[in-house]
Amino acid sequence: IVLAEVNPLSRTSTANSHSATHLLHAALRKVLGTHVTQKGSLVDPNRARFDFSHNAPMTADEIRETERLVNDQIRHNWVVASETMKYDDAIKRGAMALFGEKYGSEVRVLSVGGGEFSKELCGGTQVKATGDIGSFKITSDEAVASGVRRIRAITGLDAFERFREDEKLIAESLNALRTQRD
């Protein structure tokens, strides 16, 4: 006898990472331009990896603005809605179909912020509202192929722990330099 069971904590963390990649994709298109399209992704409970079309490394300002946009959507706590509809209807309503995936006649459309911020075809696990993600932090931007960049990011408790680690490093540095934060 085999009993299969989904680990609820792992699934929740994976949904955080997955929903954050949708917000990231939309934010990248706003910051870098509409030429940005998803080329691949990996989501797991502890991290998200997002590959996208772009020909140059992101500047520090572009990374900050992308993080700000994603975290703004998280703080708005938008409902993450999904609706099943015919593929042609989804495309007519402005949903993005990503990287040449093969779709059936019926598709699931994921909308964030009433579809104003993000609307994509997706069948994966998602949060119920963007606030469930908690927080979002880009940890790296790197080239993976000609014209393809990769962002690595963390969400939720993992992002919070990263902020704590950064604060500890800053405190240790200030102590070693015998100075104040300001």
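Everything discussed here concerns the structure shown above.
In this text the structure is predicted, and so the values were computed from the model without any measurement. (Residues numbered from 1 in each chain as written. Predicted model: local features only at pLDDT ≥ 70, side-chain atom pairs only at ≥ 80, totals over all residues. Heavy atoms only, no water.)

Asks: Help me understand the overall build of the protein in this model?
Replies: A tally of regular secondary structure across the protein gives four helices and seven strands. For the protein, the succession of helices and strands along the chain, N to C, is α-β-β-α-β-α-β-β-β-β-α. Each of the three principal axes of the protein carries a C-alpha extent, and together these read 65 × 50 × 30 Å. Here the contacts in the protein between residues at least 6 apart in sequence split such that 61% fall between residues at least 24 apart. A total of about 10,700 Å² of accessible surface is found on the protein, and carbon and sulfur atoms cover 51% of it. Side-chain charges in the protein split into 25 positive and 25 negative, and the spacing between the mean points of these groups amounts to 2 Å. (Helix = DSSP H or I, 4+ residues; strand = E, 2+ residues; numbered from the N terminus. Contact = heavy atoms within 4.5 Å. Areas by Shrake-Rupley, 256 points an atom, 1.4 Å probe, with all protein chains shown as cover. Lys, Arg positive; Asp, Glu negative; His and termini not counted. Charge placed at Lys NZ, Arg CZ, Asp CG, Glu CD.)

Asks: Which parts of the structure should I look at to understand the sheet that holds strand 5 (residues 118-121)?
Replies: Across a sheet, paired strands are connected by hydrogen bonds in the backbone, their directions being either parallel or antiparallel. In space, the three strands of this open sheet follow the order 3-4-5, with antiparallel pairing throughout. Of all the strands in the sheet, the pair left with one neighbour each is strand 3 (80-86) and strand 5. Neighbour-to-neighbour, the strand axes of this sheet turn through a mean angle of 25°, independent of strand direction. (Pairing = 2+ DSSP bridges. Axes fitted to C-alpha atoms, helices over the stretch in contact; angles between N-to-C directions.)

Asks: Looking at this structure, how should I read the nonpolar core?
Replies: Proteins that are soluble and globular tend to have nonpolar side chains buried together. One finds Leu23, Leu28, Phe52, Phe136 and Ile151 to be the most contacted residues of the largest nonpolar core, which totals 26 residues. Within the residue set of this core, elements represented by two or more residues are helix 1 (8-32), strand 2 (47-53), helix 2 (60-76), strand 4 (106-112), strand 6 (136-145) and strand 7 (148-155). Sorting elements by how many residues they give to this core places helix 1 first, with eight residues. Within the second largest apolar cluster, six residues are counted, among which are Met85, Ala95, Val107 and Val109. (Core = buried A, V, L, I, M, F, W, Y, C linked by side-chain atoms within 4.5 Å. Buried < 20%, exposed > 50% of the residue type's maximum accessible area, 1.4 Å probe, protein only.)

Asks: In this structure, what is going on with the packing of aromatic side chains? I would like to understand it.
Replies: We describe a pair of aromatic rings using the distance from one ring centre to the other and the angle between the two ring planes. Inspection of the entire model under this criterion finds one aromatic pair. With centroids separated by 6.2 Å and ring planes inclined at 25°, the aromatic side chains of Phe50 and Phe52 adopt a geometry described as stacked. (Phe/Tyr/Trp six-rings, centres within 6.5 Å; stacked < 30°, edge-to-face > 60°.)

Asks: For this particular structure, what's the right way to read the environment of Thr59?
Replies: Along the polypeptide, Thr59 turns up in the loop between strand 2 and helix 2. Along the sequence, Thr59 and Thr155 sit 96 residues apart, while their C-alpha atoms lie 21 Å from each other.

Asks: Teacher, can you tell me more about the sheet that holds strand 2 here?
Replies: Read across the sheet, four strands follow the order 1-2-7-6 without closing on themselves; strand pairing throughout is antiparallel. Of all strands in the sheet, those bounded by a partner on one side alone are strand 1 (38-44) and strand 6. Taking the axes of each pair of neighbouring strands and ignoring which way they run, one obtains an average angle of 15° across the sheet. Bridge count for strand 1 against strand 2 is six bridges, and the pairing is antiparallel. Bridged to Gly40 within strand 2 is Asp51.

Asks: I tried to follow unusual backbone geometry on my own but got confused; where do I start?
Replies: Apart from glycine, the bulk of residues carry a negative phi angle, and the bulk of peptide bonds sit in the trans form. Not every positive phi belongs to a glycine, and Asn77 is a case in point at roughly 55°. Of note in this structure, Arg178 is not a glycine but carries a positive phi near 50°. Among the secondary structure elements, Arg178 is positioned in the segment after helix 4 (156-177).

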